Amino acid sequence: MNSNKISNIKLRTGNQMIAEGAMRAGCKFFAGYPITPASGIYKSMIDLLQQQGDIAISSPDEISALAYCVGASMRGLKTMTATSGPGWALMIETIQYALMTETPVVIAIVQRLGPSTGGATQGAQGDILLAEFATSGGYTIPILCPSNSVECFELSMLAFKWAELLRTPVVILSDKEVGMTTDSVDYFDLKELPSALRVPFQVESISNNYRMYDYQKVSDVPAFAAVGEEWKVTATGSAHNKYGALKKNDLETLEVLHHLEEKIQARKDDLVVVKKDIQIDAQTLVISFGITARTMNESIIQAREEGKKVSSLNILSLFPVPEKEIIKAAEGVKRVVIAEENFSGQYRKVISLIIKEKEIIGVNKIGLMIKPKEILETIL
Amino acid sequence: MNEIKTPTTYLVENCIMPFCKGCGHSHIVRKLDEAMVRLNLDPKNINLVSDIGCIGLVDSLFKTPHTVHTTHGRSTAFATGIELADCILFDSKLKTIVLIGDGGSMIGFLHLVQAALLNVDVTVILANNFLFGMTGGQNSSASPIDFITPTTPNGNIVPPLDMCKMMIDSHAGFVARKISTDKDLADVIFKAIAHPGFALVEIIELCTEYATPFNKLTGKALQEIVNKNGQELGILIEKQERNEFGVVYSSKFPKKIISETEKVSESANRIYENNLKRKIGIILAGSAGGKVQSAARMFCEAAVLANLKCTQKNDNPVTQGSGFSLSEVCIGPTEIFYTGIDDPDVVIIVSQDGIRELQSKKIFSTLSSSCVVFVDESLELPETNANVYRLPFSKMCKPNKMAASALLGYISASDIFPVEAFTELFKIKFRSEEEFFPKEFIEKIKSINFNADYINEKN
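Keep in mind the model is a prediction, meaning the values are calculated, not measured.

*Asks:* Would you take a moment to explain the overall build of chain A for this structure?
*Replies:* Secondary structure summary: chain A contains 12 helices and 16 strands in total. Its C-alpha atoms give chain A a radius of gyration of 21 Å, within 12% of the compact-globule value 21 Å for 380 residues. Oriented by its inertia axes, the alpha-carbon framework of chain A measures out at about 65 × 55 × 45 Å. Taken across its 380 residues, chain A has 63% of its residues classed as buried. Taking the contacts inside chain A whose residues are at least 6 apart along the sequence as the reference set, 77% of them involve residues at least 24 apart. A total accessible area of about 13,400 Å² is found for chain A, and carbon and sulfur atoms account for 53% of it. A distance of 1 Å separates the average location of the 40 positive side-chain charges in chain A from that of its 44 negative side-chain charges.

Here's what the structure looks like:
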């Protein structure tokens, strides 16, 4: 018996680790409404925030939950809520408001089988397009997709960093299998991320007059001032100029609308998070994310045991789409396999144009996790 | 920063009201401004949250206070979020005032109810002109009976909602109904804003564009509508029985700094060796209340002590406390990727519910001959190729201990890791070894000649 060795391994679900990551990122406000399979985040945040006197509150519905978070963020706090597909459907109005008013907020969506009420305790990766294309106008919502409890922790911290530095809503797209499955997590191995905070407005910056949505370059992120502090806040979900004044189709207003996307596109290379396992002379590249990336990893091991040459790419930052990483990983391969737990190949549709000269094969399924052998069969 | 001067108005210079001639909204804006001046509020401590509709135009009229122009009906929810943050984690100086119309108030009805229930320090000015003025005068939930609008051309046949009554029933501390031309409107708004906690002032008015042209209205029309609705004017309730939310919350959950050592509450643990060559999958099936999932959890904790990686997935009916209870556990020497168990190494079944659930998943016909099944001897098992061991779980253990006993038996028989890793845990958790695991039972399991391909050869 090796009794001298110490470890700090704990059993944690993905949901618990999203909550712990949020706490480590400095989240001070959580509003929640129960929904399987996301309720574990709600419960953990209630415990963690209330014990230190920060704010965790039950809301009467999902719309209120996100609106409370957006309001608290306007007051200056880092905020988060958690839901699943049916709750996200209700939040879409408010997420657009957060995006338009450049208010940082983090939303964890723990996917379950849809459509409608679907299957509360069944996993799925069917909300990819619903999460990303939730805005009128099709603005980019950064989406992070963890595949295990450790990644839940790390991506939760990262989501807050992006939300703060970009002044925009960021989604953590988990799913039932990641959120409710317990993993053994070694706390000694968890990577910390320096805490990030939205850039506060200072008199020296730009001009002495605070303009709510001011920038010099169209891709700049405006400095933030909180409701209740010295500088007058003029927040609005209407199309507005840099002052936050409602204007119809004047040049500055149209530019502000471009700016909402530009600030993200200009930084998209910094936002890339992928885990790649590239084999020289690989014939096949398998791409996956979330729970199915775990299946992919297992099938890659089996394929190589069979002597096949194969590469894999686990995409943790689904949006903005890490185009360069996908192109690079696909270099030299004949076939690209994209595995995801939805029937129509949602992410495959998004990325297939990037690799259109390759043979593209989707591995898709609903109701149950994709099995390693189902991916293995597609590897050349 | 700047010296606070007593303001004379918070409105923009030469403020031109964007509303139709004769519209009550202009009165409301000026009386709100007057009330805030009398309260002598520092503009940075004023937060005007506006809804959608004509009343939503007010934000551009105010020069110095914070303004948050929101989505339709949701203004009170955003205001609640701002106030919750302000009253608990900031200085609680902010006065948040919502301006909403009758249409928005019905969309955001639950936001109003919840704000009143919480008793957040939000004052709602509800401008009720009985219709949707901005979009063409359509009837709203506040339209009186017989009210003529473009969408009720023959007169409204649905009774109006009494929002004041709703707010009183939601335990609001301050509720008033006024007419926009009332001389004392500023006094009532003053009191509402000064009230510590949730307050609502419904201000009734007529839309000059859509209400007055189509309805036969006399000079006392608003009073008549109130009478017809069976409502009253004036301050309907003014009481301070409850503390505002921030005060209650902060006394219940005082600010406390949690140290890093407190955060890492579980101490570092001892590590045992293990004999596992590869990842294995174990399925536990039983009934709700049988502690199946907690036994599986304990097994995972033991596996971790034995330096193994693990995953655990549970399943049960949505009603939680009835029917089957299932746990799927993977343990292995390296990181576990796929968490599914397509080809289980071990299946433990302790109840009929468990059999039924596994049968519905069609598991028995797929089990391989290398799979070991431990099943309670009282149960009928469907046909399978697996190695079945029928054991007296129900005879020797109480129902809530059968799953844990079976796991202990499996660890003892297979020697995947030292049984102490498991027994140490249950000693701590249940303070008893004997009661859980009768000795004769363990001996019986140990006597099974158990050879598995995933166990390291013993030296």
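That was the structure; now back to the text.
*Asks:* Explain the domain arrangement of chain A to me, please; I cannot follow it from the model alone.
*Replies:* Residues and elements named next belong to chain A. Domain assignment breaks chain A into domain 1 (3-189) and domain 2 (274-376). A straight line from the C-alpha centre of domain 1 to that of domain 2 covers 25 Å. Tallying the contact residues gives 28 residues for domain 1 and 23 residues for domain 2. Taking both sides of the interface into account, the surface hidden between domain 1 and domain 2 amounts to around 1,900 Å²; carbon and sulfur atoms contribute 59%. For domain 1, the biggest contributors to the area lost against domain 2 are Gln125, Ile128 and Cys145; these three give 30% of the whole. Linking domain 1 with domain 2 are two salt bridges.

*Asks:* In this structure, what is going on with the interface of chain A and chain B? I would like to understand it.
*Replies:* How big an interface is tends to be stated in terms of accessible area lost as the parts join. Tallying the contact residues gives 68 residues for chain A and 70 residues for chain B. A buried area of about 6,000 Å², summed over both sides, lies between chain A and chain B, and 58% of it is on carbon and sulfur atoms. Run the count over chain A and chain B and you get six salt bridges. The salt bridge partner of Lys255 of chain B is Asp54 of chain A, with a shortest N-O separation of 2.3 Å. Across the chain A-chain B interface, the total number found is 25 residue pairs in polar contact (both at pLDDT 80 or more). Its residues assigned to classes, the side of chain A that touches chain B comprises 28 nonpolar, 24 polar and 16 charged.

*Asks:* Hey, could you run me through the sheet that holds strand S14 (residues 346-349) of chain B in this one?
*Replies:* Backbone-to-backbone hydrogen bonds join strands into a sheet, with any given pair of strands oriented parallel or antiparallel. If you trace the eight strands from one edge of the open sheet to the other, you get S2(A)-S9(A)-S12(B)-S13(B)-S11(B)-S14(B)-S15(B)-S16(B), paired in mixed fashion. Edge positions in the sheet fall to strand S2 (9-13) of chain A together with strand S16 (387-391) of chain B, since each has one partner strand and no second. On average, each strand axis in the sheet is inclined to that of its neighbour by 20 degrees, with strand direction left out of account. As paired strands, strand S9 (residues 182-186) of chain A and strand S12 (residues 309-315) of chain B are joined by two bridges and run antiparallel to one another. Following the sheet pairing, Asp183 of chain A is matched in S12 of chain B by Thr311 of chain B.

*Asks:* Which parts of the structure should I look at to understand the packing of helix H3 (residues 62-74) of chain A against helix H4 (residues 85-100) of chain A?
*Replies:* The description of two packed helices rests on the angle between their axes and on the distance between the axes. Residues and elements named next belong to chain A. For the pair H3 and H4, the least separation of the axes is 8 Å and the interaxial angle reads 25 degrees. Here H4 runs roughly parallel to H3, going by the angle between their axes. Here H3 runs over H4; the crossing is right-handed. On H4, the residues touching Glu62, Ile63, Ala65, Leu66, Ala67, Val70 and Met74 of H3 are Gly87, Leu90, Met91, Glu93, Thr94, Ile95, Tyr97 and Ala98. Counted by class, the contact of H3 with H4 contains 11 nonpolar, two polar and two charged residues.

*Asks:* Can you help me understand the packing of helix H1 (residues 14-24) of chain A against helix H6 (residues 149-166) of chain A in this one?
*Replies:* Residue and element names in this part refer to chain A. Packing of H1 against H6 leaves a shortest axis separation of 7 Å and a crossing angle of 35 degrees. Taken as a pair, H1 and H6 cross one another with a handedness that is right-handed. Residue-level inspection shows Gly14, Met17, Ile18, Glu20, Gly21, Ala22 and Arg24 of H1 in contact with H6, the latter providing Ser149, Cys152, Phe153, Ser156, Met157 and Phe160. Of the residues assigned to the contact of H1 with H6, the class counts are seven nonpolar, four polar and two charged.

*Asks:* Help me out: how do you make sense of the sheet that holds strand S14 (residues 317-319) of chain A in this one?
*Replies:* All names here are of chain A. Within the open sheet, the seven strands sit side by side as S4-S3-S5-S6-S8-S7-S14. Their pairing is mixed. In this open sheet, the two edge strands, each paired with only one partner strand, are strand S4 (55-58) and S14. The pairing of strand S6 (residues 105-111) with strand S8 (residues 169-175) spans seven bridges and is parallel. Within the sheet, the bridge partner assigned to Gln111 lies in S8 and is Asp175. Relative to the sheet, helix H2 (residues 39-50) contacts strand S3 (29-32), S4, strand S5 (79-83) and S6, its axis offset from that of S4 by approximately 140 degrees.

*Asks:* Looking at this structure, how should I read the confidence of the model for chain B?
*Replies:* When pLDDT is low, close inspection of the predicted coordinates is not appropriate. Averaged over every residue, the pLDDT of chain B is 91; residues scoring 70 or more account for 94%. The ipTM, which scores confidence in the relative placement of chains, is 0.97 for this predicted complex, and the corresponding pTM is 0.96.

*Asks:* What exactly am I supposed to notice about the nonpolar core here?
*Replies:* As a rule of thumb, nonpolar side chains are buried together in soluble globular proteins. Judged by nonpolar contacts, the single largest core of 95 residues is most densely connected at Phe29 and Trp88 of chain A together with Met167 and Phe198 of chain B. If you look at the next biggest cluster of nonpolar residues, it comprises 51 residues, including Ile280, Ile348, Cys397 and Ala404 of chain B.

The rules behind the values
- Residues numbered from 1 in each chain as written.
- Chains lettered and ligands numbered in written order.
- Predicted model: local features only at pLDDT ≥ 70, side-chain atom pairs only at ≥ 80, totals over all residues.
- Heavy atoms only, no water.
- Helix = DSSP H or I, 4+ residues; strand = E, 2+ residues; numbered from the N terminus.
- Rg over C-alpha atoms; globule rule 2.2 N^0.38 Å.
- Buried < 20%, exposed > 50% of the residue type's maximum accessible area, 1.4 Å probe, protein only.
- Contact = heavy atoms within 4.5 Å.
- Areas by Shrake-Rupley, 256 points an atom, 1.4 Å probe, with all protein chains shown as cover.
- Lys, Arg positive; Asp, Glu negative; His and termini not counted.
- Charge placed at Lys NZ, Arg CZ, Asp CG, Glu CD.
- Domains from an automatic or database assignment.
- Buried area = accessible area lost by both parts, 1.4 Å probe.
- Salt bridge = Lys/Arg side-chain N within 4 Å of Asp/Glu carboxyl O.
- Polar contact = N/O pair within 3.5 Å; in protein donor to acceptor, adjacent residues only side chain to side chain.
- Nonpolar A, V, L, I, M, F, W, Y, C, P; charged D, E, K, R; others polar.
- Pairing = 2+ DSSP bridges.
- Axes fitted to C-alpha atoms, helices over the stretch in contact; angles between N-to-C directions.
- Parallel < 35°, antiparallel > 145°, perpendicular 65-115°, else oblique.
- Left-handed = near helix turned anticlockwise from the far one by under 90°.
- pLDDT = per-residue confidence, 0-100.
- Core = buried A, V, L, I, M, F, W, Y, C linked by side-chain atoms within 4.5 Å.

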